[in-house]
Amino acid sequence: MERRLLPIKLDSYQPLREVVCETLRNAIVSGVLQPGERLMEIQVAEELGVSRTPVREAIRKLELEGFVVMIPRRGTYVSDLSIKDITEVFEVRTSLDILAAGLAAERITEEELEQMERLLVEIGGYIEQNDMEKIVEADSQFHDILYRASRNERLVGIINNLREQLTRFRSLSMSYPGRLKAMFAEHTRMVESLGQRNVALAQQFAGEHMANAEQVLLKNMLERGADSSEE
């Protein structure tokens, strides 16, 4: 990897790992580091003039944000999903989620409804604690129950494949100011519509939930890109 990253100034008030993270994030958004490019800790550390520890911590955070992907036994690579890719996945995923919600409204059991209600309580608590890891985990369980309630295994399989393509962007979407409370309200409306066995409302709320998630994710990515271009 040719030298393209400027050495970091060590006079910042921020923790070094945060400075490294911002530097790498800006390099990815601005195109200095290209999609699919491998990031090697030693080389990045040498270019930035820091040790490997803050680089390793920064890469872990960037993975949560969706800017890089860590592949076992291969290394870390810059995410190669473009905004166009993300939009296309959301288009298909939204249609399938609407279908799944409609089927679930007809087929969900009382036990599954109770499980979703309990998860709502848990998610609310995690939001108050600002525990992003627990929020993501509980949100995944919430959607797992919703999809399972559709009683359509092929549909669930297709949705899960699409979910995997967007998993690394979830924290980036949820971290946007106000998104977590909005997401909680959207989930609450979905559970209420399922409990009422209202197919039309369940489909409407599922579509709105996906549209809002996409809008916030793309807005966050574009704003981060704009910030980097102004520096």
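These numbers come from a predicted model, not from an experiment.

Caption draft 1: Representation of the pairing of strand β2 (residues 68-71) in the model. Both β2 and strand β3 (residues 75-78) contribute to a ladder of four bridges, which runs antiparallel. Across the sheet, Met70 pairs through a bridge with Thr76, a residue of β3. The turn linking β2 back onto β3 is made up of three residues, and Arg73 within it adopts a positive phi angle of 65°.

Caption draft 2: Inspection of the nonpolar core at higher detail. Core analysis: the largest hydrophobic core is formed by 68 residues, its most contacted members being Val20, Leu24, Ile86, Met116, Phe169 and Leu194. Here this core gets nine residues from one element, more than from any other, and that element is helix α4 (residues 83-107). Here this core gathers at least three residues from each of two domains, domain 1 (16-80) and domain 2 (83-226).

Caption draft 3: Structural view of unusual backbone geometry. A positive phi is found at Arg151, a non-glycine position, where the angle reads about 60°. In this structure, Arg151 sits in the loop between α6 (132-148) and α7 (153-166). The residue Arg197 is not glycine, and still its phi comes out positive at about 55°. Looking at the secondary structure, you find Arg197 in the loop between α9 (179-195) and α10 (199-230).

Caption draft 4: Local environment of the packing of aromatic side chains. A full pass over the atoms with the stated rule returns zero aromatic pairs. Above the face of the Phe205 ring, Arg189 is positioned so that its terminal group lies 5.8 Å from the ring centre.

Caption draft 5: Broad picture of the environment of Arg179. Along the chain, Arg179 turns up in helix α9. Taking the C-alpha atoms as reference points, Arg179 and Leu217, separated by 38 residues in sequence, lie 9.8 Å from one another. Aside from chain neighbours lying at most four places away, what touches Arg179 is Ser173, Met174, Glu186, His209, Asn212, Ala213 and Val216.

Caption draft 6: Seen up close, the domain arrangement of the protein chain. Segmenting the protein chain into domains produces domain 1 (16-80) and domain 2 (83-226). When each unit is reduced to the centre of its C-alpha atoms, the spacing between domain 1 and domain 2 is 29 Å.

Caption draft 7: Representation of α9 in the model. Along its 17 residues, α9 runs 24 Å from first to last C-alpha, staying within 8% of the 24 Å computed at 1.5 Å per residue. What α9 keeps buried is the set Arg179, Leu180, Met183, Glu186, His187, Met190, Val191, Ser193 and Leu194. Down the axis, α9 shows its buried residues gathered within 160° of arc, on one side only.

Caption draft 8: Representation of the packing of α6 against α9 in the model. Packing of α6 against α9 leaves a shortest axis separation of 13 Å and a crossing angle of 20°. Classified by the angle between their axes, α6 and α9 sit roughly parallel to one another. Crossing handedness for the pair α6 and α9: left-handed. Facing α6, whose interface residues are Met132, Ile135, Asp139, Phe142, His143 and Leu146, α9 presents Leu180, Met183, His187, Met190, Val191 and Leu194. Taken together, the residues that form the contact of α6 with α9 break down as nine nonpolar, two polar and one charged.

Caption draft 9: Expanded view of the sheet that holds β3. Taken together, three strands build an open sheet; the order of strands is β1-β3-β2 and the sheet is antiparallel. The sheet is open, and its two borders are formed by β1 (38-39) and β2, each paired with just one other strand. Each of β2 and β3 is contacted by helix α3 (residues 52-65), which is oriented at about 105° to β2, the strand it contacts most.

Caption draft 10: Expanded view of the pattern of salt bridges. Summed over the entire model, instances satisfying the criterion amount to ten salt bridges. A salt bridge links Asp97 to Arg93, with the nearest nitrogen and oxygen atoms 3.0 Å apart. Placement of both Asp97 and Arg93 in helix α4 is noted, with a separation of four residues, approximately one turn of the helix. With a relative accessible area of 3%, Asp97 lands in the buried category. Where salt bridges share partners, they join Glu41, Arg52 and Arg56 into one cluster.

About the thresholds
Residues numbered from 1 in each chain as written. Predicted model: local features only at pLDDT ≥ 70, side-chain atom pairs only at ≥ 80, totals over all residues. Heavy atoms only, no water. Pairing = 2+ DSSP bridges. Helix = DSSP H or I, 4+ residues; strand = E, 2+ residues; numbered from the N terminus. Core = buried A, V, L, I, M, F, W, Y, C linked by side-chain atoms within 4.5 Å. Buried < 20%, exposed > 50% of the residue type's maximum accessible area, 1.4 Å probe, protein only. Domains from an automatic or database assignment. Phe/Tyr/Trp six-rings, centres within 6.5 Å; stacked < 30°, edge-to-face > 60°. Lys NZ or Arg CZ within 6 Å of the ring centre and 35° of its normal. Contact = heavy atoms within 4.5 Å. Expected span 1.5 Å × (residues − 1). Arc of directions from axis to C-beta. Axes fitted to C-alpha atoms, helices over the stretch in contact; angles between N-to-C directions. Parallel < 35°, antiparallel > 145°, perpendicular 65-115°, else oblique. Left-handed = near helix turned anticlockwise from the far one by under 90°. Nonpolar A, V, L, I, M, F, W, Y, C, P; charged D, E, K, R; others polar. Salt bridge = Lys/Arg side-chain N within 4 Å of Asp/Glu carboxyl O.

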